[in-house]
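# Close look at the chain arrangement
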Amino acid sequence: MNLLQAIFKPIAHVPKYQSDGAAIRDITDPEYVVIPLEYPGQILFKPEVKAGDTVCQNQIIGRSSLGSCVHASISGVVKEIKTIWTVRSFNVPAVVIERNDQPPMSMDEMFERYGQPFESASTIQKLRASGVISSWTTPGRFHLEADVDEYPEVKHIVIKGVNEEPTIFANEKLLEENPKMIVQGIRLLRDIAPRAVISLTAPPRLVEWAKQQFPDLTRVVGIGDEYKDRIERLVVSRVTGAYVPNTMPYREKGIGVLSVEYLLTMVDALERTRPFITKCVTVASCHESRSVTVRIPLGTPIKTILDRLNWPSKDYARILVGGPMKGIAQYSDETPLTKSSHGLFLMTDDCVPDETVLTCINCGCCTKVCPINLQVHLIGRYVEYNMIEEARRYHVEACNECGLCAYCCPSHRPLVQLIRMCNQSEK
Amino acid sequence: MTNDMSRKYSVASSPHWRYAFTLSNVQRLWLLALAPAMVASIWMYGWHAARVMGLAVFFAVAFDALANRVIPSKDSTANYSSVTLAIILAFMMPYDSPWWLILVGSFIMIVVGKKLFGGTGAYPAHPAMLAFAMLLVSWPGRFDYTRSLLAIDWGTKMVEPLRLVKTLGGGAENTFLWQDLLMGHQVAGIGNALVLYLLIGGLFLMLIRRIPWQTPLAFLLGHVCMAWILNLVGPGEFASPLFYVLSGGTVFAAFFLATEYTTSPVNPIPRLLYGFLGGLLLMLIRAFSNYSDGVVFAILLINLGNPLLDRIRPKVWGVEVTGNA
């Protein structure tokens, strides 16, 4: 039966998941959190605390050269400042805080310690003090904090109400649960960029609802649950009419892209509610096609989340931060989740695919499913035989690493890995 | 604490989901698509057809396994590609082929045509076509289908239709009923002219998207166009387009030979051109060469054009005008 289904399904048909329909669950009591002080290539914070200090939730523990801050996501004692391996396998400094149950620091005190009382701070200072960094450049390989002293002119703002991965529902749920704050957020965006067209992407079932709830929006665009329709760069291109390749930040074409979650943290920051210290993460596993969305303090280790959900981490053979298509496999369950982690995907031994690399038979499935028309069959073979220069002629750098090519390859070739190898090898 | 963990997890590069489909699945689907013709062939030719197919598969798999032992490669014998190739070669053989002819054919197909170039995915020309061409050139007398089928009578004229039209002119097509041609009641190899059964299998492969629609349709279109032009130019000399499509291995070539993955293009426009060119060449060979059915040479010729045609590529999204590539 499964074989029959596999035969008649369209080739680029990635399995679909369902949101559990329940409210976002709060996890507030990790024993400790690990807060990285560096997002490599993006931002580096200088610590403002030292081992042994007592810190309160919301307290600034690090500050970058431009005044962006990072905060303690729980109250506790700084155990140490040490280097850790991040989700993306960078070795960076981090602050380890062990929880005690002090009350959080008030926002006014936080702003005072920042050196700029809330009332007199400019919008950008408020955002920096609250740890909310430039929205117009995220996500981008070329995101440097110094680039955004002023907000660039944006003509089009896209609010992502749908996550890219088929197993992540964080934005969808936040959209459904916080319509009032989103109305506020849209008003804020209007203030910042008065002439911009503001669009929202939403799951089809929420499109009509969103149109009623957010009359300030220019457009609400429904995004189906087919993975190939959810790839971010293509969604943005469909919404705005301009395709921004992966090699270019959105801002260069006057487009700002931000998620619902980001919009909410922005509202929190400008309304003096709280700094950016929590994150919504959807946890899914390969067996049940259901998922749970939780809100965690930044820096919570994977293990703590799984323990609180009663999904013991020892049951799984592979843990991904992100989803199955673009997620990053973690070698340890102690990796802390940070601002750029949106989901967890857990795979048992029997779900982990074999890495049997066979020869390419030139069937062309990869090239057919590639959403940006890359000649994947050629690139894969060039890189396999170390002909990096030849492969580069086929615009490998434009790849979004969506993973559809490797997903449908009957030879199970690691095509995305080969493309990454090509992009990261030296010229 | 953070970095001394009790347990390590398996890591790999994304994506972590794979379509549950492997090379051997794909090849088995091809065999499934060839199955109607295989069954019909055994039904029509009796145990001789089973013998030819069985010997071809046996020799091909044996040579594949031997070659793999001498030169180990990632193209394993277990992926069924040799079986598919063997069936395709067998389909073109006359039903009284001696075992040694099949042995030589299988050797050329697997060892020379496939393994010497590096196995599935690496050969420049269809191995089964290469082998068949060599056999046809070396032992032309063995491939006189008309003589080989003297013992069988299906109530139709037991002469190779294309040969008859070639010698007697276009009018000879009236000797044959199109129904007979469609049902495979015509003198040919054991499987390559079972038009209806091959069509069923080919459409199945197309429906499940394991072969593109462009190549076979363009192939048939090219063939019909050329036949129509020739028919206009010399009505007495050439038969009607429908006759050429139904006789010999036209449908077999369109659905099973021109669509062979390794030797056919990947992009949509090249696929159209490739197919069209194939059909056109096939008609030219049928019209102006000494061979009555030129499928094998038409396929080998378009195989040569494959890398060149595949240079016509769709534009990559978001990349400025290309220039060099």
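Everything quoted here is computed from the prediction, not taken from an experiment.

## Details of the domain arrangement of chain B
Residue and element names in this part refer to chain B. Assigned domains within chain B: domain 1 (23-142) and domain 2 (153-309). Using only C-alpha atoms to locate each centre, domain 1 and domain 2 end up separated by 21 Å. Taken residue by residue, the interface counts 35 residues in domain 1 and 34 residues in domain 2. The junction of domain 1 with domain 2 conceals about 2900 Å² of combined surface from both sides, 78% of it contributed by carbon and sulfur atoms. Summed over the shared surface of domain 1 and domain 2, the number is 10 residue pairs in polar contact (both at pLDDT 80 or more).

## Side note on the packing of helix α1 (residues 23-45) of chain B against helix α3 (residues 81-92) of chain B
Residues and elements named next belong to chain B. Packing of α1 against α3 leaves a shortest axis separation of 9 Å and a crossing angle of 25°. As the angle between them shows, α1 and α3 are arranged roughly parallel. Of the two possible hands of crossing, α1 and α3 adopt the one that is left-handed. In this structure, α1 contributes Gln-27, Trp-30, Leu-31, Leu-34, Ala-37 and Met-38 to the contact, and α3 contributes Ser-81, Val-83, Thr-84, Ile-87, Ile-88 and Phe-91. Looking at the contact of α1 with α3 residue by residue, the class counts come to nine nonpolar, three polar and no charged.

## Some details on the sheet that holds strand β13 (residues 197-202) of chain A
Residues and elements named next belong to chain A. Ordered in space as β14-β13-β12-β15, the four strands form an open sheet in which the pairing is parallel. Both outer strands of the open sheet, β14 (219-222) and β15 (255-259), are each paired with one neighbouring strand and no more. Each neighbouring strand pair of the sheet contributes to a mean axis angle of 20°, computed without reference to strand direction. As judged from the four bridges shared by β13 and β14, these two strands associate in the parallel manner. Counterpart to Ala-202 in the pairing with β14 is Gly-222. The sheet contacts of helix α7 (residues 232-240) involve β12 (156-160), β13, β14 and β15, and relative to β12 the element is tilted by about 130°.

## Brief notes about the domain arrangement of chain A
All names here are of chain A. The domain boundaries assigned to chain A delineate domain 1 (30-129), domain 2 (135-270), domain 3 (277-351) and domain 4 (357-424). Centre-to-centre separation of domain 2 and domain 3, based on C-alpha positions: 24 Å. Counting residues at the interface gives 12 residues for domain 2 and 17 residues for domain 3. Roughly 1100 Å² of surface becomes buried between domain 2 and domain 3 when both sides are summed, with 55% attributable to carbon and sulfur atoms.

## What about the interface of chain B and chain A?
Tallying the contact residues gives 49 residues for chain B and 83 residues for chain A. For the pair chain B and chain A, the summed buried surface comes to about 5900 Å²; carbon and sulfur atoms form 58% of the total. Considering only the surface of chain B that becomes buried against chain A, Trp-17, Arg-18 and Tyr-19 of chain B emerge as the three largest contributors, covering 17% of it. Applying the counting rule to chain B against chain A returns one salt bridge. Among the salt bridges present, the one from Glu-384 of chain A reaches Lys-74 of chain B, with a minimum N-O distance of 2.8 Å. Its residues assigned to classes, the side of chain B that touches chain A comprises 22 nonpolar, 16 polar and 11 charged.

## Things to note about the packing of helix α5 (residues 127-138) of chain B against helix α14 (residues 295-309) of chain B
Residues and elements named next belong to chain B. Across the interface, α5 lies against α14 with an axial gap of 9 Å and an inter-helix angle of 130°. Between α5 and α14, the crossing angle belongs to the class labelled oblique. In terms of crossing hand, the pair formed by α5 and α14 is left-handed. When α5 is examined against α14, the residues Met-129, Leu-130, Phe-132, Ala-133 and Leu-136 are found in contact with a partner set consisting of Val-296, Phe-297, Ile-299 and Leu-300. Each residue belonging to the contact of α5 with α14 can be placed in one class, and the counts come to nine nonpolar, no polar and no charged.

## Details of unusual backbone geometry
In this chain, Ser-14 of chain B is followed by Pro-15 of chain B through a cis amide linkage whose omega measures -5°. You can see Pro-15 of chain B is positioned in the segment before α1. At Arg-272 of chain A, a position not held by glycine, the phi torsion is positive, near 60°. Along the polypeptide, Arg-272 of chain A turns up in the loop between α8 (260-270) and β16 (278-285). Assessed through its relative accessible area of 29%, Arg-272 of chain A is described here as partly exposed.

## Structural notes on the state of the cysteines
All names here are of chain A. Overall, the coordinates contain one disulfide over all chains when judged by the stated rule. Among the cysteines around Cys-56, which has no disulfide bond, Cys-69 carries the closest sulfur, lying 16 Å off. A residue is classified by how much of its surface remains accessible, and Cys-56, at 19% relative accessible area, is buried. Of all cysteine sulfurs, the one in Cys-399 lies closest to Cys-422, which takes part in no disulfide; the gap is 10 Å. Classification of Cys-422 as buried rests on a relative accessible area of 0%.

Criteria and thresholds
By convention here, each chain's residues receive numbers from 1 onward along its written sequence. Here chains are named by letter from A upward and ligands by number from 1 upward, in the order in which they appear as written. This being a predicted model, a pLDDT of at least 70 is required before a residue's local features are given, and a value of 80 or more before pairs of side-chain atoms are given or counted; all residues contribute to the totals for chains, interfaces and linings. Just so you know, side-chain values use all the structure's heavy atoms and leave hydrogens and water out. Either an automatic procedure or a domain database provided the assignment from which the domain bounds are taken. Residue contacts follow a heavy-atom distance rule, with two residues in contact if any of their heavy atoms lie within 4.5 Å. Here the quantity called buried area is the accessible surface, traced with a 1.4 Å probe, that two parts lose on coming together, added over both. Polar contact is defined as a pair of N or O atoms within 3.5 Å, subject to the rule that within protein one atom must be able to donate a hydrogen and the other to accept it, and that residues adjacent in sequence are counted only when both atoms are side-chain atoms. Each axis is a line fitted through C-alpha atoms, and for a helix only the stretch in contact is used; angles between axes span 0 to 180 degrees, taken between their N-to-C directions. Secondary structure is summarised from DSSP: a helix means a run of H or I of at least four residues, a strand means a run of E of at least two, and numbering begins at the N terminus for each. In what follows, roughly perpendicular refers to angles from 65 to 115 degrees, roughly parallel to angles under 35, roughly antiparallel to angles over 145, and oblique to any angle outside these ranges. We call a crossing left-handed when the near helix sits turned anticlockwise from the far one by less than a right angle, and right-handed when that turn is clockwise. Residue classes follow a fixed rule: Ala, Val, Leu, Ile, Met, Phe, Trp, Tyr, Cys and Pro count as nonpolar, while Asp, Glu, Lys and Arg count as charged, and any other residue, Gly among them, counts as polar. A strand pair is defined by DSSP finding two or more bridges across the two strands. Any carboxyl oxygen of Asp or Glu within 4 Å of a side-chain nitrogen of Lys or Arg constitutes a salt bridge here. Relative accessible area decides the class of each residue, using a 1.4 Å probe on protein chains only: under 20% of the type maximum gives buried, over 50% gives exposed, and in between gives partly exposed. For this text, the term disulfide refers to a pair of cysteine sulfurs within 2.5 Å.

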